[in-house]
Amino acid sequence: MKLWIKTFSKTAARLLSTGICILCICRRQKQQLSTKSTYQALLDSATKGKDSTKFQILNEATKVPLLAEVYGIEGNIFRLKINEETPLKPRYEVPDVVTSKPRTVRLISSSGDAGSLVLADGKGDLKCHITANPFKVDLVSEEEVVMSINSLGHLYFEHLQVPLKKRATKENKEDTSVDTSQENQEDLGLWEEKFGKFVDVKVNGPASVGLDFSLHGFEHLYGIPQHAESHQLKNTGDGDAYRLYNLDVYGYKIHDKMGIYGSVPYLLAHKPGRTLGIFWLNASETLVEINTEPAVKYTLTQMGPVAAKQKVRSRTDVHWMSESGIIDVFLLTGPTPSDVFKQYSYLTGTQAMPPLFSLGYHQCRWNYEDEQDVKAVDAGFDEHDIPYDVMWLDIEHTEGKRYFTWDKKRFPNPKRMQELLRNKKRKLVVISDPHIKIDPDYSVYAEAKEQGFFVRNHEGGDFEGVCWPGVSSYLDFTNPKVREWYSSLFTFSAYQGSTDILYIWNDMNEPSVFRGPELTMQKNAIHHGNWEHRELHNIYGFYQQMATAEGLIQRSKGKERPFVLTRSFFAGSQKYGAVWTGDNTAEWSYLKISIPMLLTLSITGIPFCGADVGGFIGNPEAELLVRWYQAGAYQPFFRGHATMNTKRREPWLFGEEHTRLIREAIRQRYTLLPYWYFLFYRAHVAAEPVMRPLWIEFPKELNTFGVEDEYMLGSALLVHPVTEPKATTVSVFLPGSNEVWYDSKTGTYWEEACTVKIPVTLDSIPVFQRGGSIVPIKTTIGKSTGYMTDSPYGLRVALSTKGSAVGELYLDDGHSFQYLHQKQFLHRKFSFFSGVLTNSCADKRGHHPSKCVVERVFVLGLKKQPSSVTTHSSDGKEEPVVFTYCTTMSTLSLEKLSLNIGVDWEVHIK
């Protein structure tokens, strides 16, 4: 009792300062904990349908029944849904996130002990053990309880009610589910809440839900972005709960659990030998509390007359609370991290395969002033020999913040400007926000107004709020007709001045409302289907990105891949493009926190993520900017960005030496493009994170579980960005008891797990290649990715302790869907065993002609100098190769090769 009061009081203090109604939800649900009201499962009511097993749950106090449904889903997934059995009106269930109706598996039911029901999958490895009184569910794997649901009795479900004014006094007295004390009702925020001048009226009273999950043997949890917090979730027992509520937070605080731009209600629990996932499908405002009880070596238990010692496992309790909707939760049973990633992607989809250009460097600023400014910046990159792929334009490019228009004075000829970029094989990204300026002469507004496409206020008129254009209305992207119409705005005929090299950036889509409560939309605004905004707030931006991506696809008649960056996101946003961490600040601490923020996004299904290089707000010193470029070059989305009124910070404005260092960092990104593209292919087809915390690759090693200052790119590269000023050394942890790690710059190697102090200067970032891997690279760098299509490859071969290595390459046209529809791709596998380097086909379904050749091979860890090196083609032709061997570093270099990437061949090293 004292613990939750302490926790609640701290959370309350934070929330009271902002006037957040989740406070009232927290108070009500905490109040229940003090009264210990319990739910009972009526297992005699259980019925088995085609897809699920259903039974009633009864609150002993209110006697109002709930309906529970348990599903077995293909791939070792369980789903639990709890709803009112006969709600006053339908409650919101989140649509469109789960990619299609999941295929169910038949659960075999059997009676357990008295008052229990057991549901098992066909193999019998996984079981749901349901206890009737009090209601509890144990998830059992191989006879071990790995998760318990409602074991703490935190199930909470507020029933929709008839407004008090419409009730007769007699009915009020008879309905025990309703507190008839008007004063108490108002105190708990049941029917009406005030935020300054805003009044949030809840027509049918409060509708919050909550449930607890106990994870047995687990102490390490991750996920539930987006927060500027550590990668490993912290215990909230003596602090604030994690909040999931999409908000426009300029210069957000770091090490803070309050919600920012996006929400993914999904967490992972990991321990040696087991990974689990909990996906809480609810789009309303949500709080998550976490309390870890570490393992106790021994506890005394009384067994008859003898006191026995018994080991107690660690346990982490997770308490979810949402403002409205239903309880709809997916339990992902693993058992490995890879299994959990696949299970989650089966539900929400994998990362969209990005166009290759989007993996290059992006140059952005609020705002590039005019066409001449764009031309000058573009020329500056060429003048300083710095590759880049995409120029970005912020809101000032439009006519008075009217999206899908161009400022006629600043950008009088946008097609000519785009042709300038096209001639250098570059692209343009422009911004498109969800607010639409109220202006009858603005065609986008007039058409949306005429068709009733805006979110409405609770009185029935169009919702109006202030954003960049001034007073605006907000498109209701939850309406499929609005999304279809919005998609049509991207056609070349509708979007005058656009071309096929123009792509889109969705910003301010939390949605941001400058004078709204917490700078967002009132919760009682009305969406399509008469749903209040409170029901679906966190999914609003998801729908805009969906409509935008579909519009770009339709623009190309289904042929070309879209690129859409969004600030607001939800579970499943990975299907539509990329996200970033929003309005960060030009300080070292924001560079440092970007790493755990991106790791958390990466493991929760959104691998295409990045942070604004240099910090959006403020003016970075030269050292910080260089370090940020070095870090960003090894993170999935790589964009430099700055707000207006900051000093210009194009890469060549900080002196010749700093220009050289930034050039080197960006060029290293382009060198590794083949590896990046392969990693995104694996994210697309197999849900593998691109940027990975160490525990993903080393799931049995406890000392990796809390590491967040370094990470893996795929399985081959370990990166440790320098995040402290004036650093001369960096302590790097190299994991794996049987691993060997090679410094990518010097070739120095270390065997066995160890922590090493690496000397660093401003021109170095510690990057290590894992022994046993082969990384494909490009040996020449062009002005942009488009110039590098036919440029030659190199292979970096890092041998394991056993003298072997493997790697892969994926190649397609880099922009279309032909890889999917016509199987126009190459997937090659490289292997090095017993002195033979082999290139072979990894997927025979693919076919894609390529002129590219491997011209260099660099082998690390070759202990013995070879006497000869020869190439062997598939037609039996053998040719000698000139090589260089370094005895000191045990490295072999092969130059001037000409081995076609798309055919089988071997290199024999004797």
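If you check an unreviewed UniProt entry, the protein appears there as Neutral alpha-glucosidase C isoform X2 from Acinonyx jubatus. The protein has a UniProt comment under Sequence similarities (unreviewed entry) that states "Belongs to the glycosyl hydrolase 31 family."

Caption draft 1: Just the environment of Ser784, in detail. Looking at the element boundaries, Ser784 is found in the loop between strand 45 (773–778) and strand 46 (793–798). Spatially, the C-alpha atoms of Ser784 and Tyr670 are 8.4 Å apart, while their sequence positions differ by 114 residues. Discounting chain neighbours no more than four positions away, the residues touching Ser784 are Tyr388, Asp389, Lys424, Lys425, Arg426 and Tyr670. A polar side-chain atom of Ser784 sits 3.0 Å from the main-chain carbonyl oxygen of Lys425.

Caption draft 2: Looking closely at the UniProt feature "domain: Glycosyl hydrolase family 31 C-terminal" (unreviewed entry) in the protein. Under the present numbering, the feature "domain: Glycosyl hydrolase family 31 C-terminal" (unreviewed entry) in UniProt falls on residues 688–775. The annotated region residues 688–775 carries 5% helix and 39% strand content, and the separation between its end C-alpha atoms amounts to 17 Å.

Caption draft 3: Spotlight on the nonpolar core. Grouped together as the largest cluster of nonpolar side chains are 161 residues, with contacts concentrated most on Leu475, Ile539, Phe563 and Leu713. The element contributing the most residues to this core is helix 12 (residues 588–603), with 10 residues. Shared between two domains, this core takes at least three residues from each, and those domains are domain 1 (21–159 + 206–295 + 313–335) and domain 2 (388–580). Leave out the neighbours within four places in its chain, and Leu475 touches Pro434, Ile436, Ala448, Phe453, Phe454, Val455, Val482, Trp485, Tyr486 and Tyr540. By size, the runner-up hydrophobic cluster in this structure holds 48 residues, among which are Phe78, Leu107, Val288 and Val329.

Caption draft 4: Representation of the confidence of the model for the protein in the model. Looking at the protein as a whole, its pLDDT mean stands at 92, while 92% of the residues score no less than 70. Scored below 50 in pLDDT, residues 1–19 makes 29 contacts in the model with residues more than four places away or belonging to other chains. When the criterion is pLDDT under 50, residues 302–308 qualifies, and its contacts beyond four places in sequence or with other chains add up to seven contacts.

Caption draft 5: View of the pairing of strand 29 (residues 470–474). In this structure, strand 27 (residues 435–437) lies alongside strand 29, joined through three bridges in antiparallel fashion. Looking across to strand 29, one finds that Ile436 is bridged to Ser473. In terms of strand pairing, strand 28 (residues 464–467) meets strand 29 through four bridges, oriented antiparallel. Each bridged residue has a counterpart across the sheet, and for Val466 the counterpart in strand 29 is Val471. Connecting strand 28 to the next strand, strand 29, in antiparallel fashion are two residues.

Caption draft 6: Molecular detail of the pattern of salt bridges. Counted by the stated rule, this structure contains 55 salt bridges. For Glu369, the salt bridge is made with Arg410, and the minimal N-O distance between the two is 3.9 Å. Taken together, the positions of Glu369 in the loop between strand 24 (361–363) and helix 6 (371–383) and Arg410 in the loop between strand 25 (390–393) and helix 7 (414–422) put the pair 41 residues apart, joining distant regions of the chain. You can call Glu369 partly exposed: its relative accessible area is 37%. Classification of Arg410 by relative accessible area gives partly exposed; the value is 29%. A network of salt bridges, in which partner residues are shared, links Asp200, Arg243, Glu285, Glu323, Glu518, Lys523, Glu532 and Arg534.

Caption draft 7: Structural view of a nonpolar patch on the surface. Side chains of Val199, Val201 and Val203 sit close together on the surface and give an oily, nonpolar patch of about 210 Å² of accessible area. Note that Val201 resides in strand 13 (residues 198–201). Judged by its relative accessible area of 34%, Val201 is partly exposed.

Caption draft 8: Quick look at the domain arrangement of the protein. Taken domain by domain, the protein holds domain 1 (21–159 + 206–295 + 313–335) and domain 2 (388–580). In this structure, domain 1 and domain 2 have C-alpha centres spaced 34 Å apart. Each side of the interface is counted separately: domain 1 has 30 residues, and domain 2 has 26 residues. Counting each side, the surface lost to burial between domain 1 and domain 2 is near 2,500 Å², with a carbon and sulfur contribution of 54%. Ranking the residues of domain 1 by area buried against domain 2 places Tyr92, Asn246 and Asp248 at the top, with a combined share of 27%. There are five salt bridges connecting domain 1 and domain 2. We note a salt bridge from Lys523 to Glu323, for which the minimum N-O separation is 2.7 Å. There are 19 residue pairs in polar contact (both at pLDDT 80 or more) connecting domain 1 and domain 2.

Caption draft 9: Representation of the pairing of strand 9 (residues 136–141) within the structure. Burial runs high along strand 9: five of the six residues are buried. Sheet topology note: the strand 8 (residues 126–131)/strand 9 ladder contains six bridges and is antiparallel. Bridge pairing links Leu126 to Ser141 in strand 9. What sits between strand 8 and strand 9 in their antiparallel hairpin is a turn of four residues. In terms of strand pairing, strand 9 meets strand 10 (residues 144–149) through five bridges, oriented antiparallel. By the bridge assignment, Val137 is partnered in strand 10 with Ile149.

Caption draft 10: Up close: the packing of helix 9 (residues 480–488) against helix 11 (residues 540–555). Following both chains from N to C, one finds helix 9 and helix 11 inclined at 45°, their axes separated by 8 Å at the closest point. Here helix 9 is positioned oblique relative to helix 11, judged by the angle of their axes. The two elements helix 9 and helix 11 cross, and the hand of that crossing is right-handed. Of the residues in helix 11, those in contact with Arg483, Tyr486 and Ser487 of helix 9 are Tyr543, Gln544, Met546, Ala547, Thr548, Glu550, Gly551 and Gln554. Here the residues of the contact of helix 9 with helix 11 sort into four nonpolar, five polar and two charged.

Caption draft 11: How the structure looks around the sheet that holds strand 38 (residues 711–713). Taken together, six strands build an open sheet; the order of strands is 37-38-39-44-41-42 and the sheet is antiparallel. Across the chains shown, the open sheet's two edge strands, defined by having one partner strand only, are strand 37 (691–692) and strand 42 (749–751). Relative to strand 44 (residues 767–770), strand 39 (residues 717–719) runs antiparallel, the two sharing three bridges. Paired with Leu717 across the strands is Gln769, a residue of strand 44.

Caption draft 12: Spatial organisation of the sheet that holds strand 28. If you trace the three strands from one edge of the open sheet to the other, you get 27-29-28, paired in antiparallel fashion. Every interior strand has two partners, whereas the edge strands, strand 27 and strand 28, have only one. Ignoring strand direction, the axes of neighbouring strands in this sheet form an average angle of 55°.

Caption draft 13: Helix 12, seen in detail. In a regular helix each residue adds 1.5 Å, so 16 residues correspond to 22 Å; helix 12 covers 24 Å between its end C-alpha atoms and thus fits that length. For helix 12, the principal kink sits at Ser594 and spans about 25°; a proline, Pro596, occurs within the next four residues. Taking burial as the measure, the 16 residues of helix 12 include 14 buried ones, the bulk of the element. Following helix 12 by one or two positions, Gly605 has its phi on the positive side, about 90°.

Caption draft 14: Quick peek at the packing of aromatic side chains. Tallying each qualifying case throughout the model produces 49 aromatic pairs. Arranged with centres 5.0 Å apart and planes meeting at 90°, the rings of Phe381 and Trp652 form a pair that is edge-to-face. Of the two residues, Phe381 sits in helix 6 while Trp652 sits in the loop between strand 36 (638–640) and helix 14 (656–671), which places them 271 residues apart along the sequence. Exposure class is identical for Phe381 and Trp652. Each is buried. A ring pair is formed by Phe453 and Trp485, whose centres lie 5.5 Å apart and whose planes are at 55°; its orientation type is tilted. Of this pair, Phe453 sits in the loop between helix 8 (443–451) and strand 28 while Trp485 sits in helix 9; the two residues are 32 residues apart in sequence, bridging distant segments of the chain. A single burial state applies to Phe453 and to Trp485, both of which are buried.

What counts as what
- Residues numbered from 1 in each chain as written.
- Predicted model: local features only at pLDDT ≥ 70, side-chain atom pairs only at ≥ 80, totals over all residues.
- Heavy atoms only, no water.
- UniProt positions renumbered as here; feature names shortened; annotations may be inferred.
- Helix = DSSP H or I, 4+ residues; strand = E, 2+ residues; numbered from the N terminus.
- Contact = heavy atoms within 4.5 Å.
- Polar contact = N/O pair within 3.5 Å; in protein donor to acceptor, adjacent residues only side chain to side chain.
- Core = buried A, V, L, I, M, F, W, Y, C linked by side-chain atoms within 4.5 Å.
- Buried < 20%, exposed > 50% of the residue type's maximum accessible area, 1.4 Å probe, protein only.
- Domains from an automatic or database assignment.
- pLDDT = per-residue confidence, 0-100.
- Pairing = 2+ DSSP bridges.
- Salt bridge = Lys/Arg side-chain N within 4 Å of Asp/Glu carboxyl O.
- Patch = residues over 30% accessible without salt bridge, like charges linked within 9 Å, V, L, I, M, F, W, Y side chains within 5 Å.
- Areas by Shrake-Rupley, 256 points an atom, 1.4 Å probe, with all protein chains shown as cover.
- Buried area = accessible area lost by both parts, 1.4 Å probe.
- Axes fitted to C-alpha atoms, helices over the stretch in contact; angles between N-to-C directions.
- Parallel < 35°, antiparallel > 145°, perpendicular 65-115°, else oblique.
- Left-handed = near helix turned anticlockwise from the far one by under 90°.
- Nonpolar A, V, L, I, M, F, W, Y, C, P; charged D, E, K, R; others polar.
- Expected span 1.5 Å × (residues − 1).
- Bend = angle between axes of the 7 residues up to and from the residue.
- Phe/Tyr/Trp six-rings, centres within 6.5 Å; stacked < 30°, edge-to-face > 60°.

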